[in-house]
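Listed below are the residues making up each chain.
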Amino acid sequence: MQQNTQTNTDFEVRSLDAMCVNESHLEHKWYHNIKYLIVGLLFGIIFVKAEVVSWFRIQEMFRLQSFHMYGIIGSAVVVGIVSVWLIKKLNIKTIYGEPITIAPKKFNKGQIYGGLLFGFGWAITGACPGPLFAQIGTGATVIAVTLLSAIAGTWVYGLLREKLPH
C-alpha cells in the first residue's frame, strides 16, 4: 500500500501529540470565565472534604495501607471512560455546538518514563497537580515549593520537548 505524501495541515500535526486539538474559536468577555473560578472552588472544596489533598491519605495509598485513594481514582477513571464513550457514541458537541474531537494516540516509552517520574514526585511530595492549589488553600503553604517545581518542570519540558521520546 502506498502512503499519501500530502503535507499535514497545522491541525493534523498538532493532533499527533494532542496539543490544543479542541481549541475554541469563540471569543467571550472576561467575566465569562467566572464560571471556571466557581467550578474550581467547588472542586477544591470537594478535594478537601474527600481528603484527596491529605498528605497522610496519599502516603497510605503509596504504602498500600488504605483503599481510600484507590477508590477515588478508580471511580474517576470509570467516569472518564464512560464519558468518553458517550461523547463518541452520541457525537456530543460542546455547549456552543462545536464538535469534540478525540485524536487517537499511540503508546510509547515516553509515557512510561513520564508516568514513573510523575508517580515518584507524587509519592515524595504528597501532591499531584490537581490538588496543589487546594493544599495551599488549606494552609499547607510549603506546597508552594511543589507548585513552583511543577511550573519549572513544565517549563523545562517545553524547552526539551523536541528531544524527548514521544
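The model shown is predicted, which means the values in this text are computed figures rather than measured ones.

Undergrad: It is not clear to me how the overall build of the protein should be interpreted in this structure. Could you clarify?
TA: Helices and strands together make up the secondary structure of the protein, namely seven helices and zero strands. Of the regular secondary structure in the protein, the N- to C-terminal order runs α-α-α-α-α-α-α. By residue count, 16% of the 166 residues in the protein fall in the buried class. Considering only contacts in the protein between residues 6 or more positions apart, those separated by 24 or more positions represent 44%. For the protein, the exposed surface amounts to about 13,300 Å²; the carbon and sulfur share of it is 69%.

Undergrad: Looking at this structure, how should I read unusual backbone geometry?
TA: The bulk of non-glycine residues show a negative phi, and the bulk of peptide bonds are trans. The backbone of Glu 51 shows a phi angle near 65°, a positive value even though the residue is not glycine. With respect to the helices, strands and loops of the structure, Glu 51 is situated in the loop between α2 (34–49) and α3 (55–62). We note that Asn 91 has phi near 50°; this positive angle belongs to a residue other than glycine. Its place among the elements puts Asn 91 in the loop between α4 (68–90) and α5 (109–125).

Undergrad: Teacher, can you tell me more about the packing of α3 against α5 here?
TA: Geometrically, a packed helix pair is captured by the angle between its two axes and the distance between the axes. α5 packs onto α3 with a crossing angle of 130° between their chain directions and a minimal axis gap of 9 Å. Comparing their axes, α5 and α3 come out oblique. Of the two possible hands of crossing, α3 and α5 adopt the one that is left-handed. Note on element contacts: α5 touches α3 through Gly 119, Trp 122, Ala 123 and Thr 125, opposite Trp 55, Ile 58, Gln 59, Met 61 and Phe 62. Here the contact of α3 with α5 is composed, by residue class, of six nonpolar, three polar and no charged.

Undergrad: Hey, could you run me through the packing of aromatic side chains in this one?
TA: Aromatic ring pairs are described here by two measures, namely the spacing of the ring centres and the angle between the planes. A complete count under the given rule lists five aromatic pairs for this structure. Ring centres of Trp 30 and Tyr 31 lie 5.8 Å apart, and the angle between their planes is 85°; on these two criteria the pair is classed as edge-to-face. Between Phe 43 and Phe 47 the ring centres are 4.3 Å apart and the planes differ by 45°, which places this aromatic pair in the tilted class. One end of the pair, Phe 43, and the other, Phe 47, are both in helix α2, four residues apart, so they sit about a helical turn from each other. Three or more aromatic residues joined by ring pairs form one cluster here, namely Phe 62, Phe 118 and Trp 122.

Undergrad: I'm lost on the environment of Ile 72 in this one. Help?
TA: Tracing the chain through its elements places Ile 72 in helix α4. On the basis of relative accessibility, which here comes to 27%, the residue Ile 72 falls in the partly exposed class. The spacing of Ile 72 and Ala 50 is 22 residues in sequence and 8.7 Å in space, taken between C-alpha atoms. Ignoring any residue separated from it by four or fewer positions in sequence, one finds Ile 72 in contact with Ala 50 and Val 52.

Undergrad: Sorry, what's going on with α4 here?
TA: In an α-helix there are 3.6 residues to a turn, and that puts residues three or four apart on one side. In this model α4 runs 33 Å from its N-terminal to its C-terminal C-alpha over 23 residues, within 8% of the 33 Å that 1.5 Å per residue would give. Of the residues trailing α4, Asn 91 is marked for its positive phi of about 50°.

Undergrad: What exactly am I supposed to notice about α3 here?
TA: Within α3 the residues assigned to the buried category are Ile 58, Gln 59 and Met 61. All buried residues of α3 project into a common sector of 155° when viewed along the axis, lining one side. Where α3 is buried, its residues touch α4, α5 and α6 (132–137).

Basis of the calculations
Residues numbered from 1 in each chain as written. Predicted model: local features only at pLDDT ≥ 70, side-chain atom pairs only at ≥ 80, totals over all residues. Heavy atoms only, no water. Helix = DSSP H or I, 4+ residues; strand = E, 2+ residues; numbered from the N terminus. Buried < 20%, exposed > 50% of the residue type's maximum accessible area, 1.4 Å probe, protein only. Contact = heavy atoms within 4.5 Å. Areas by Shrake-Rupley, 256 points an atom, 1.4 Å probe, with all protein chains shown as cover. Axes fitted to C-alpha atoms, helices over the stretch in contact; angles between N-to-C directions. Parallel < 35°, antiparallel > 145°, perpendicular 65-115°, else oblique. Left-handed = near helix turned anticlockwise from the far one by under 90°. Nonpolar A, V, L, I, M, F, W, Y, C, P; charged D, E, K, R; others polar. Phe/Tyr/Trp six-rings, centres within 6.5 Å; stacked < 30°, edge-to-face > 60°. Expected span 1.5 Å × (residues − 1). Arc of directions from axis to C-beta.

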